[in-house]
Amino acid sequence: MLLLIGSLVLFMLIGVPIAYSMGLSGLLYFLVYQPDLIAVLPARVYAGMNSSVMLSLPLFIVMGHLMNHGGLTGRLIDFCMLFVGRLRGGLGLVSVLTAMVFGGISGSSVSDAASIGQVMIPAMKKKGYPVRTATGLIAASSTMGMIIPPSIPMVIYAFAASESVGRLFLGSLIAGVMVGVFMLGIVLIIAHKNQFPCEEVDLAPAKVLRGTMEGLPALLMPLIVVGSVVTGIATATESAAVGALYALLVGLFVYRGLTFKDLPKLFGEAILSSANVMIIIAFSGVFTWILALEHVTQMIGMLFVQLQLGPTTAMLAVAVVILLIGFFVDVSPAILLLTPVFLPALKMLGVSPIQFGAVLISGLAVGLVTPPVGMCLNVCASVSGEGILSVFRGALPFLLANFLVVLLLCLFPVLSTWLPSLLMG
Amino acid sequence: MSGPAPAYQVHPVLRAEKLLMHLLTWLLTALFGLIFVLVVILVIMRYGFNTTIIGGSEATVMLFIYTTALGAAVDIARGKHIRIDALIDSLPLRIKSWLEGINLILIGILHAMLLYYSTQWISVVGNSEDPVLHIAEGLIEVAIPIGCAFAILFCITRLIALIMTPLPKPTN
Amino acid sequence: ADFNFKFAHSQPDSSVRHKSMLFFKEALEKESEGRISVEIFSGSQLGSEPEVMDMVKMGTVQGTRGGAFTKANKKFLIYTLPFLYDSTDAVLKAMRSDFGTHIADAAKANGYYIPATGVAGGFRVVTNNKHPINTPADVEGLKIRTPGIETIIKTFEALGASPTSIPYGEVYMALKMGVADGQENPPSNISVMKFYEAQTYLSLLNYQIHPDPLFVNLKWYEGLPDDLKTVFDKVSKEAIAWSDEHWLASEADYLKFLSDKLEVNEISAENRAKFVEKVRPVWDFYIQNGTFSEEEVNQAIEAGK
Ligand code: NA
Ligand code: NA
């Protein structure tokens, strides 16, 4: 066991890709302890790739690409401007609100950070917001992209936990909205303290109507995608495909930001990004197989019992581990490492897989904005030209919203379990 | 693994690598396009015509397996795999370059072992018939050794590129 | 222990399958006087049912039970032909007969030894929210959710329904939203998944039952000394019988539970004959594609009498 974990950490530290680090440490384990079982290696790698649920991954990715290229971002920002632009700190509030709405459309935080950041960071700079605060705000608010459904990381968790994608999507919806609401509050406070400017928004009925009509095709997206999964009309994969088709049509014929010539490149990029994550899933299959073989889960369950942890204290302890791992490990591999280790033990204590999923996803979202490994941090830093640590410091006040939500999710299971059981029985 | 050195364009091995990468990327794009169209058709058939293609969704997953196996190999060539580079990026260039070489060799060894065991595995279980599509599962499982072969190839070409890339001057 | 028997399956610890394997473990370790040790992995910890079937064939794992029986021998499908048996007693009798042994032994060619075959749950029944089903005509035009199992899809096609495939976890919502009119499952699944909350009628079509063979790696079994082979066979048969008894008893309890929630109707012998006639093309499909012969179908029926 020590060899397995120790070599995994070593391989990851010297820069071996995470997928192959898991494969190599698994290989080492078999060679040393179980040479008879080494034949299982290809079977586990194959099993990880052989998933109809995960087929939604490239489809969700291409859906995001199509939406971004189609000219969605500008419309959404204009639309959100109608609501909060005139308040103190208007651009900051618009950024958060846009990230929230965007969260309901795209499945990934990183793409949200890139597309909103490109427009909003320069705009806030121009209006005299400190660059650090502006960039940090975009980074922090982009966490909602993966918390508010649809969510690619949630699909990965659904795969790792063998749970219903629809239920899990609903399970993190309240959490995502809470992050947004808290963050709006924090922006308001900071804006008043620093006297950030308000925006002039023309609220003439004709303008409002036009802004709404232009935003509408994009706003229908969450209904189509999340609605179809939750109602059982379509599987996660089918809903992602329908969402991508819708984004394609809107981009080509309504927003007209897309041309047929763009498509091969967008599809090629999407499937390569998908393979990038899928190969981690494939090799994590080797890793989790060994964990099961060694009865690690039972050992962790025993540990919880010996420490006399109840479901809430255990959940809090695991949340701390999730936040710590989030500093160093990217979202997808972290899900694949943490789920098989903690979920079965937590289940024994009566924690719902929906609650664990909501805590896991909300907790790992914070990791996107913490150094040294934080994808949203990287993206925002490169958009604004600010250093990573500086962006992180700028994001910290806003991340309070995320920490608070993770805490609440641990303390009150009903925040995550209520909606799924209400709508899906 | 960024910034192609002049040698990159000159050396025939690396030109071949680039060509192969483009070919595979093109193939992956086509496969994914096919998957997308298939899934959309299946949804339309179900709700528009109350019918389905038996084995249609199984076929999409089979194509998907190929995209992962091949795509992961291409990502070795592109140097785009998800990894923790905080430590390695902070090391002196000479040590970093050595570590990159060791990493490529480790990845190559892993894929060589996987290639060997996967052919054994397929020879035992590969003739099992898929219960829906009634084709031998080995036809899909073979995506693993094919992907491994490309991965090993790209580990070698990357090693060559690494050796041929002169270390940038420390003044950089 | 001299021999280790790693057994993996996909059901939870609360399932009859798991409990019957705990019975197996206790009995085998005791009766082999500790020479065989049994290690059980539940809940798909080591892989899905087809994946573990492959592991048993490779010898990575020594035993499993589950629904991927065609990987061992396609002829196991014969037990799943619609309306082949009219009682669970008949099914069990056939599985424990010489005919049953004949089907089980054919799996040796694929590297599996099968000491005993039982049933995986009870007969499958149909629920819907349109009307009670008494005759094949009542099924016509209904949108029925089916799992991706070929015999089930073909059966509902033959009956004139439109089978829709919806993932198991999403069925409840699909029924509630009217995406499907009905679904088919054994009473246990209908109760546990609360499908009854979204349905009105339960018709005891009892049209299909699934076999539950105990798959063992052939080489591992052949490596046992003769006395242990005897013990292993005996304990296997007892464990599967234990499983059959408890499984069918629990199905009966679930059915009783459901009869308070749904309007339940049985199928008369006369109407059952109409169903048998209507699904005959499903039988013929498998006979024509060579999965088994007409003669074997007749043997299967005879063995249950
Ligand atoms: Na989202
Ligand atoms: Na981080």
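Residues numbered from 1 in each chain as written. Chains lettered and ligands numbered in written order. Predicted model: local features only at pLDDT ≥ 70, side-chain atom pairs only at ≥ 80, totals over all residues. Heavy atoms only, no water.

**A look at the overall build of chain A**
Next up, step 1: Of the regular secondary structure elements, chain A holds 22 helices and zero strands.
Next up, step 2: Against the 2.2 N^0.38 benchmark of 22 Å for 425 residues, chain A shows a C-alpha radius of gyration of 22 Å, consistent with a compact globule.
Next up, step 3: Expressed as a percentage of the 425 residues in chain A, the buried residues total 63%.
Next up, step 4: For chain A, long-range pairs separated by at least 24 residues make up 80% of all intrachain contacts whose partners lie at least 6 apart in sequence.
Next up, step 5: Carbon and sulfur atoms form 70% of the exposed surface of chain A, whose accessible area is close to 14,400 Å².
Next up, step 6: Across chain A, the 17 positively charged side chains and the 14 negatively charged ones have centroids separated by 9 Å. (Helix = DSSP H or I, 4+ residues; strand = E, 2+ residues; numbered from the N terminus. Rg over C-alpha atoms; globule rule 2.2 N^0.38 Å. Buried < 20%, exposed > 50% of the residue type's maximum accessible area, 1.4 Å probe, protein only. Contact = heavy atoms within 4.5 Å. Areas by Shrake-Rupley, 256 points an atom, 1.4 Å probe, with all protein chains shown as cover. Lys, Arg positive; Asp, Glu negative; His and termini not counted. Charge placed at Lys NZ, Arg CZ, Asp CG, Glu CD.)

**Comments concerning the sheet that holds strand β1 (residues 3–8) of chain C**
Residues and elements named next belong to chain C.
Next up, step 1: The sheet built from five strands is open, its strands ordered β2-β1-β3-β12-β4 with mixed pairing. Whereas interior strands pair on both sides, the edge strands pair on one side only; in this sheet they are β2 (36–41) and β4 (112–113).
Next up, step 2: Judged from the six bridges that link them, β1 and β2 form a sheet pairing that is parallel. Its bridge partner being in β2, Asn 4 is matched across the sheet by Ser 37. (Pairing = 2+ DSSP bridges.)

**A look at helix α18 (residues 331–348) of chain A**
Next up, step 1: End to end, α18 of chain A covers 25 Å across 18 residues, agreeing with the expected 26 Å (1.5 Å per residue, within 8%).
Next up, step 2: Once α18 of chain A finishes, Gly 350 of chain A follows within two positions and takes phi at roughly 90 degrees, a positive value. (Expected span 1.5 Å × (residues − 1).)

**Some points on the environment of Leu 337 of chain A**
Next up, step 1: As for its position among the elements, Leu 337 of chain A is in helix α18.
Next up, step 2: Here the alpha-carbon distance between Leu 337 of chain A and Thr 237 of chain A, two residues 100 residues apart in the chain, equals 24 Å.

**Structural notes on the nonpolar core**
Next up, step 1: Ranked by size, the top nonpolar core spans 266 residues in total, and within it Tyr 20, Phe 30, Tyr 157 and Phe 356 of chain A carry the most contacts.
Next up, step 2: Top contributing element to this core by residue count: helix α15 (residues 263–293) of chain A, with 20 residues.
Next up, step 3: What Phe 356 of chain A contacts, discounting residues up to four positions off in sequence, is Tyr 157, Met 315, Val 318, Ile 322, Leu 338, Thr 339, Phe 342, Leu 343, Leu 346 and Val 351 of chain A.
Next up, step 4: Counting 24 residues, the second largest nonpolar core, distinct from the first, contains Phe 5, Ala 116, Leu 224 and Ile 240 of chain C. (Core = buried A, V, L, I, M, F, W, Y, C linked by side-chain atoms within 4.5 Å.)

**Some thoughts on the coordination of the sodium ion (ligand 1)**
Residues and elements named next belong to chain A.
Next up, step 1: For the sodium ion (ligand 1), the full set of protein donor atoms is Gly 103 (O), Ser 106 (O), Gly 145 (O), Ile 148 (O) and Pro 150 (O), and the range of their distances to it is 2.2 to 2.4 Å.
Next up, step 2: Expressed as a motif, the donor residue spacing for the sodium ion (ligand 1) is G-x2-S-x38-G-x2-I-x1-P. Here Gly 103, found in helix α6 (residues 90–103), pairs with Gly 145, found in helix α9 (residues 144–147); they are 42 residues apart in sequence, far enough to count as distant. We note that Gly 103, like Gly 145, is buried. (Donors = N, O, S within 2.8 Å, 3.2 Å for Na, K, Ca; no water.)

**Brief notes about the interface of chain C and chain A**
Interfaces are frequently sized by the accessible area removed from exposure as the parts join.
Next up, step 1: If you look at the interface, chain C gives 19 residues, while chain A gives 21 residues.
Next up, step 2: It is Thr 60, Glu 170 and Met 173 of chain C that lose the most area in chain C upon contact with chain A, and together they represent 30% of the buried surface on that side.
Next up, step 3: Counting every contact that joins chain C to chain A gives one salt bridge.
Next up, step 4: In this structure, Glu 51 of chain C and Arg 44 of chain A form a salt bridge, with 2.9 Å as the shortest nitrogen-oxygen distance.
Next up, step 5: Applying the counting rule to chain C against chain A returns three residue pairs in polar contact (both at pLDDT 80 or more).
Next up, step 6: Listed by contribution, the elements that provide at least two residues to the side of chain C that touches chain A are β2, α2 (49–58) and α7 (171–177) of chain C.
Next up, step 7: Looking at the side of chain C that touches chain A, the element that brings in the most residues is α7 of chain C, giving four residues. (Buried area = accessible area lost by both parts, 1.4 Å probe. Salt bridge = Lys/Arg side-chain N within 4 Å of Asp/Glu carboxyl O. Polar contact = N/O pair within 3.5 Å; in protein donor to acceptor, adjacent residues only side chain to side chain.)

**A short note on the interface of chain A and chain B**
Next up, step 1: The interface is formed by 57 residues belonging to chain A together with 47 residues belonging to chain B.
Next up, step 2: Between chain A and chain B, a total of about 4,700 Å² is buried, with carbon and sulfur atoms accounting for 80% of that surface.
Next up, step 3: When residues of chain A are sorted by the area they lose upon contact with chain B, Tyr 20, Tyr 46 and Leu 272 of chain A head the list and together hold 15% of the total.
Next up, step 4: One can count zero salt bridges joining chain A with chain B.
Next up, step 5: Remark: the boundary between chain A and chain B carries seven residue pairs in polar contact (both at pLDDT 80 or more).
Next up, step 6: For the side of chain A that touches chain B, the secondary structure elements donating two or more residues are α1 (2–13), α2 (18–33), α3 (40–49), α4 (56–70), α14 (236–254) and α15 of chain A.
Next up, step 7: With 14 residues, the single largest contributor to the side of chain A that touches chain B is α15 of chain A.
Next up, step 8: Here the side of chain A that touches chain B is composed, by residue class, of 45 nonpolar, ten polar and two charged. (Nonpolar A, V, L, I, M, F, W, Y, C, P; charged D, E, K, R; others polar.)

**Things to note about the packing of aromatic side chains**
All names here are of chain C.
Next up, step 1: Counted by the stated rule, this structure contains 34 aromatic pairs over all chains.
Next up, step 2: Note on Phe 5 and Trp 220: the rings are 5.1 Å apart at their centroids and 50 degrees apart in plane angle, and the pair reads as tilted. On the criterion of sequence distance, the pair formed by Phe 5 in strand β1 and Trp 220 in helix α9 (residues 218–222) is long-range, its members being 215 residues apart.
Next up, step 3: Among the residues examined, Trp 220 registers a relative accessible area of 14% and is labelled buried.
Next up, step 4: A ring pair is formed by Phe 285 and Tyr 286, whose centres lie 4.9 Å apart and whose planes are at 90 degrees; its orientation type is edge-to-face.
Next up, step 5: Given the relative accessible area of 2%, Tyr 286 is considered buried.
Next up, step 6: Grouped by ring-pair contacts, the aromatic residues Phe 5, Phe 7, Phe 24, Tyr 113, Trp 220, Tyr 221 and Phe 232 constitute a single cluster. (Phe/Tyr/Trp six-rings, centres within 6.5 Å; stacked < 30°, edge-to-face > 60°.)

**Observations regarding the UniProt feature "domain: TRAP C4-dicarboxylate transport system permease DctM subunit" (unreviewed entry) in chain A**
Next up, step 1: UniProt marks residues 5–413 of chain A with the feature "domain: TRAP C4-dicarboxylate transport system permease DctM subunit" (unreviewed entry), using the numbering shown here.
Next up, step 2: Counted over residues 5–413 of chain A, helix gives 78% and strand 0%. Its end C-alpha atoms are 31 Å apart. (UniProt positions renumbered as here; feature names shortened; annotations may be inferred.)

**Observations regarding helix α12 (residues 294–303) of chain C**
Residues and elements named next belong to chain C.
Next up, step 1: If you check which residues of α12 are buried, you get Glu 296, Val 297, Ala 300 and Ala 303. Taken end-on, α12 shows its buried residues confined to a sector of 130 degrees, consistent with a single buried face. Residues of α12 that are exposed and angled more than 90 degrees away from the buried face: Glu 295 and Glu 302.
Next up, step 2: In the core, the buried residues of α12 are packed alongside α3 (88–95), α4 (98–105) and α11 (269–288). (Arc of directions from axis to C-beta.)

**Observations concerning the side chain of Thr 291 of chain C**
Residue and element names in this part refer to chain C.
Next up, step 1: Looking at the element boundaries, Thr 291 is found in the loop between α11 and α12.
Next up, step 2: What makes Thr 291 buried here is its relative accessible area of 7%.
Next up, step 3: Discounting chain neighbours no more than four positions away, the residues touching Thr 291 are Lys 74, Lys 75, Leu 77 and Tyr 286.

**Examining a nonpolar patch on the surface**
All names here are of chain A.
Next up, step 1: Together, Leu 404, Leu 407, Leu 411, Phe 412, Val 414, Trp 418, Leu 422 and Leu 423 line one region of the surface with nonpolar side chains, adding up to about 710 Å² of accessible area.
Next up, step 2: Put simply, the parts of the chain that give the nonpolar patch at least two residues each are α21 (388–411) and α22 (414–424).
Next up, step 3: Element by element, the count of residues in the nonpolar patch is highest for α22, at four residues.
Next up, step 4: On the secondary structure map, Leu 411 appears in helix α21.
Next up, step 5: Classification of Leu 411 by relative accessible area gives partly exposed; the value is 35%. (Patch = residues over 30% accessible without salt bridge, like charges linked within 9 Å, V, L, I, M, F, W, Y side chains within 5 Å.)

**Details of the sheet that holds strand β13 (residues 263–266) of chain C**
Residues and elements named next belong to chain C.
Next up, step 1: Pairing is mixed in the open sheet, where six strands are placed in the order β8-β7-β9-β6-β10-β13. Two strands lie at the open edges of the sheet, namely β8 (162–165) and β13, each paired on one side alone. Recorded for the sheet is a direction-independent mean angle of 30 degrees between the axes of neighbouring strands.
Next up, step 2: Two elements, strand β7 (residues 143–146) and β8, share four bridges in a ladder whose sense is parallel. What sits directly across from Thr 146, in β8, is Ser 165.
Next up, step 3: Where helix α6 (residues 150–158) meets the sheet, its contacts fall on β6 (125–128), β7, β8 and β9 (182–185), and the angle it forms with β7 comes to roughly 170 degrees. (Axes fitted to C-alpha atoms, helices over the stretch in contact; angles between N-to-C directions.)

**Here we look at the confidence of the model for chain A**
Next up, step 1: Mean pLDDT over chain A: 91, with 100% of residues reaching 70 or higher.
Next up, step 2: Within chain A, helix α19 (residues 353–367) of chain A carries the highest mean pLDDT (96), whereas helix α16 (residues 296–306) of chain A carries the lowest (83). (pLDDT = per-residue confidence, 0-100.)

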